[in-house]
Amino acid sequence: AAGVIQSPRHLIKEKRETATLKCYPIPRHDTVYWYQQGPGQDPQFLISFYEKMQSDKGSIPDRFSAQQFSDYHSELNMSSLELGDSALYFCASSNGGDRSIYEQYFGPGTRLTVT
Amino acid sequence: KQEVTQIPAALSVPEGENLVLNCSFTDSAIYNLQWFRQDPGKGLTSLLLIQSSQREQTSGRLNASLDKSSGRSTLYIAASQPGDSATYLCAVPSNSGYALNFGKGTSLLVTP
């Protein structure tokens, strides 16, 4: 079965640089979520999109922005990178509709290292 | 904000034992509850989703129960195997139904 695809899988950037992470949801999934997981931490919700509109927003820094495109893929743009941004970034997708049966499927993650 | 707590934080058992992982949450008005498995440095694999109207869900050797009124869920793993060694996370959606709030996980080690 098709899974959530994230690219790149690994990314090394220097402080103050920018980074773009991409997410391709499972086919026919219309909702995309972004999470950040620091070392030894549980995943923290950043932002989500349903049918290309922002559906919820969590602890996403103002330096970050995201969007969902017409083909439902999503991109997370990160600017002025800081050392503390080093983390695993997960994208998840789900099928919209009845929220009680939402099951979020996670991608393999992008490991971002800021030096 | 929904707070999710998992007990124990770590667990080591010999192969073949049955075990129970616990999850509690503060706001009982949930859409559902998901259990995930995470191997070190890897992604999250969804194990089970229990809808708010359900009491339990089963998948193979895994059985998850949900008691909304008391804000608790348990994940029962039967006949544990070394391959079950991983961190198990439970998560419940926020009031919006989108953002998942995770517990800090239970790190499970099954020894041969």
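Residues numbered from 1 in each chain as written. Chains lettered and ligands numbered in written order. Predicted model: local features only at pLDDT ≥ 70, side-chain atom pairs only at ≥ 80, totals over all residues. Heavy atoms only, no water.

Some details on the overall build of chain B
Okay, so step 1: Counting its secondary structure elements, chain B contains 0 helices and 11 strands.
Okay, so step 2: Traced from its N-terminal end to its C-terminal end, chain B shows the element sequence β-β-β-β-β-β-β-β-β-β-β.
Okay, so step 3: Along the three orthogonal principal directions, the C-alpha set of chain B runs to about 40 × 30 × 20 Å.
Okay, so step 4: Taken across its 112 residues, chain B has 48% of its residues classed as buried.
Okay, so step 5: Considering only intrachain contacts with a sequence separation of at least 6, the fraction spanning at least 24 residues in chain B is 53%.
Okay, so step 6: As presented, chain B carries roughly 5,000 Å² of accessible surface, and 49% of it is formed by carbon and sulfur atoms. (Helix = DSSP H or I, 4+ residues; strand = E, 2+ residues; numbered from the N terminus. Buried < 20%, exposed > 50% of the residue type's maximum accessible area, 1.4 Å probe, protein only. Contact = heavy atoms within 4.5 Å. Areas by Shrake-Rupley, 256 points an atom, 1.4 Å probe, with all protein chains shown as cover.)

Some thoughts on unusual backbone geometry
Okay, so step 1: Residues S7 of chain A and P8 of chain A are joined by a peptide bond in cis, for which omega reads -10°.
Okay, so step 2: Positionally, P8 of chain A belongs in the loop between β1 (5-7) and β2 (10-13).
Okay, so step 3: The residue after I7 of chain B, namely P8 of chain B, is reached through a cis peptide bond having omega -5°.
Okay, so step 4: Mapped onto the fold, P8 of chain B is located in the loop between β1 (4-7) and β2 (10-14).
Okay, so step 5: Here R28 of chain A, not a glycine, exhibits a phi torsion of approximately 75°, which is positive.

Some points on the sheet that holds β1 of chain B
Residues and elements named next belong to chain B.
Okay, so step 1: Pairing within the open sheet is antiparallel, and its 5 strands lie in the order β1-β3-β8-β7-β6. The two strands at the open ends of the sheet, each matched to only one other strand, are β1 and β6 (56-59). On average, each strand axis in the sheet is tilted by 15° relative to the strand beside it, whichever way the strands run.
Okay, so step 2: Here 6 bridges tie strand β7 (residues 62-67) to strand β8 (residues 72-77), and the two strands are oriented antiparallel to one another. In the strand pairing of β8, L62 is matched with I77. (Pairing = 2+ DSSP bridges. Axes fitted to C-alpha atoms, helices over the stretch in contact; angles between N-to-C directions.)

Topic: the packing of aromatic side chains
Okay, so step 1: This structure, assessed with the given rule, holds 8 aromatic pairs over all chains.
Okay, so step 2: With centroids separated by 5.8 Å and ring planes inclined at 85°, the aromatic side chains of Y35 of chain A and F102 of chain B adopt a geometry described as edge-to-face. With Y35 of chain A in strand β4 (residues 31-37) and F102 of chain B in strand β10 (residues 100-102), this residue pair bridges two chains.
Okay, so step 3: When the centroid spacing of 5.6 Å and the interplanar angle of 45° are considered together, the rings of F36 of chain B and F102 of chain B count as tilted. Remark: F102 of chain B occurs in strand β10 and F36 of chain B occurs in strand β4 (residues 32-38); sequence separation between them is 66 residues.
Okay, so step 4: For F36 of chain B, a relative accessible area of 0% corresponds to the buried category.
Okay, so step 5: Residue classification places F102 of chain B among the buried positions, given a relative accessible area of 6%.
Okay, so step 6: One aromatic cluster in this structure is built from Y35, F45, F90 and F106 of chain A together with F36 and F102 of chain B. (Phe/Tyr/Trp six-rings, centres within 6.5 Å; stacked < 30°, edge-to-face > 60°.)

Geometric descriptors of this kind do not, in isolation, establish any biological role.
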